[in-house]
Amino acid sequence: MKKTVLITGGTGLVGSRLSQLLKKKGYNVRHLSRRRKLNGEFPAYFWNYETDEIDANAFENVNYVLHLAGANVAGQGWTKKYKQEIVDSRVKTTALLERAIRENNVCLDGFIAASATGCYGNTGDAIADEGTEIGNSFLANVCRMWENSASQLADLPIRVVCVRIGIVLSTQGGALQKLLPSYRLGIGSYFGDGKMHVSWIHLDDLCRFFIEAMENSNYQGTYNAVAPTPTTSKELGRAVAVAVGKPNSLLISAPAFALRLGMGEMAEILLSSSRILPKRTAAAGFEWHYPDLVSAITDLLRSRI
């Protein structure tokens, strides 16, 4: 009998690819969405954390929940209102899922929740891994609340895994997609002095990790979903240039002061150094298909994912 996976954020960059890969593996895949559409490729059941509504039918015979939903942290300026939306779209959605699971006595084999390597804050040149304490920045505090809300399910008991995601590389969205047009013209950019560390992961490696964490009952707790080879902002630019066949691209710095002036507090996303290693992920036996930056970008360009 096919197992069933319920995904929140199923139409986003990660959720869309993950849904396709799960379908190929023979799973029944459902989404939770603000738009009910039960006759789609992936049936979408209604939920809305703002009105505290969720369709209990979505949980019928569900084996796993993959919780990816959350407002884009770079979706717009960090006004007080939008910062609250960033928090609520993660914490309140998790609480709504928890309530529905409890009220409907849903027996899950696993609850796999997204988090982010932003939990460590600005690490500078220091290396951080899953044993490193959570930082004190806005994004770090968001992640703390996010993971704490997911951990409430552990007493049911349900196996809970929190996946701390780095910069996701894809040609269909995120940072890489925004960089590609200028690099194809032989001109690129990097942020600040270019020395800030960047922890990244190929979209398919991330999706494979979600599936492995879901299927393997030994996974529990927090894991860093990043490649084992963090880079720097400037090295990322050079790798993109090489991958697009423009190794001699002119790389121009976007000064830190200009980014802070234009973006305000949100410039934290671009200027914080994130030198993260996936210590627990490697110890669990996960194998990356794309641990090298240039080969990862080259594959993404070839496969157009």
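Residues numbered from 1 in each chain as written. Predicted model: local features only at pLDDT ≥ 70, side-chain atom pairs only at ≥ 80, totals over all residues. Heavy atoms only, no water.

1. What about the side chain of Ser249?
Stage number 1. Structurally, Ser249 can be placed in the loop between α6 (233-243) and β14 (250-254).
Stage number 2. On the basis of relative accessible area, Ser249 is assigned to the buried category, the value being 13%.
Stage number 3. For Ser249, the side chain forms a polar contact with the main-chain oxygen of Lys246, separated by 2.7 Å.
Stage number 4. Ser249 has contacts with Tyr183, Gly186, Ile187 and Ala241, leaving out every residue within four places of it along the chain. (Helix = DSSP H or I, 4+ residues; strand = E, 2+ residues; numbered from the N terminus. Buried < 20%, exposed > 50% of the residue type's maximum accessible area, 1.4 Å probe, protein only. Polar contact = N/O pair within 3.5 Å; in protein donor to acceptor, adjacent residues only side chain to side chain. Contact = heavy atoms within 4.5 Å.)

2. Focus: the pattern of salt bridges
Stage number 1. Following the criterion strictly, the structure yields 14 salt bridges and no others.
Stage number 2. The residue Lys83 makes a salt bridge to Glu265 at a minimum N-O spacing of 2.8 Å. Of the two residues, Lys83 is situated in helix α2 (residues 80-103) and Glu265 in the loop between α7 (256-263) and α8 (268-271); the sequence distance between them amounts to 182 residues.
Stage number 3. One salt bridge connects Arg164 with Glu147, and the closest N-O pair in it is separated by 2.7 Å. Of this pair, Arg164 sits in strand β7 (residues 160-165) while Glu147 sits in helix α3 (residues 138-151); the two residues are 17 residues apart in sequence, bridging distant segments of the chain. Take Arg164 and Glu147: they sit in the same class, and that class is buried. (Salt bridge = Lys/Arg side-chain N within 4 Å of Asp/Glu carboxyl O.)

3. Overview of unusual backbone geometry
Stage number 1. The omega torsion of the bond from Leu156 to Pro157 falls at -5°, within 30 degrees of zero and hence cis.
Stage number 2. Turning to its location among the elements, Pro157 is positioned in the loop between α3 and β7.
Stage number 3. Look at Asn61: it is not a glycine, yet its phi comes out positive at around 60°.
Stage number 4. Take Asn61: it is sitting in the loop between β4 (53-54) and β5 (64-67).
Stage number 5. A residue is classified by how much of its surface remains accessible, and Asn61, at 54% relative accessible area, is exposed.
Stage number 6. Positive phi, close to 50°, is recorded for Asn105, a residue that is not glycine.
Stage number 7. Structurally, Asn105 is set in the loop between α2 and β6 (110-116).

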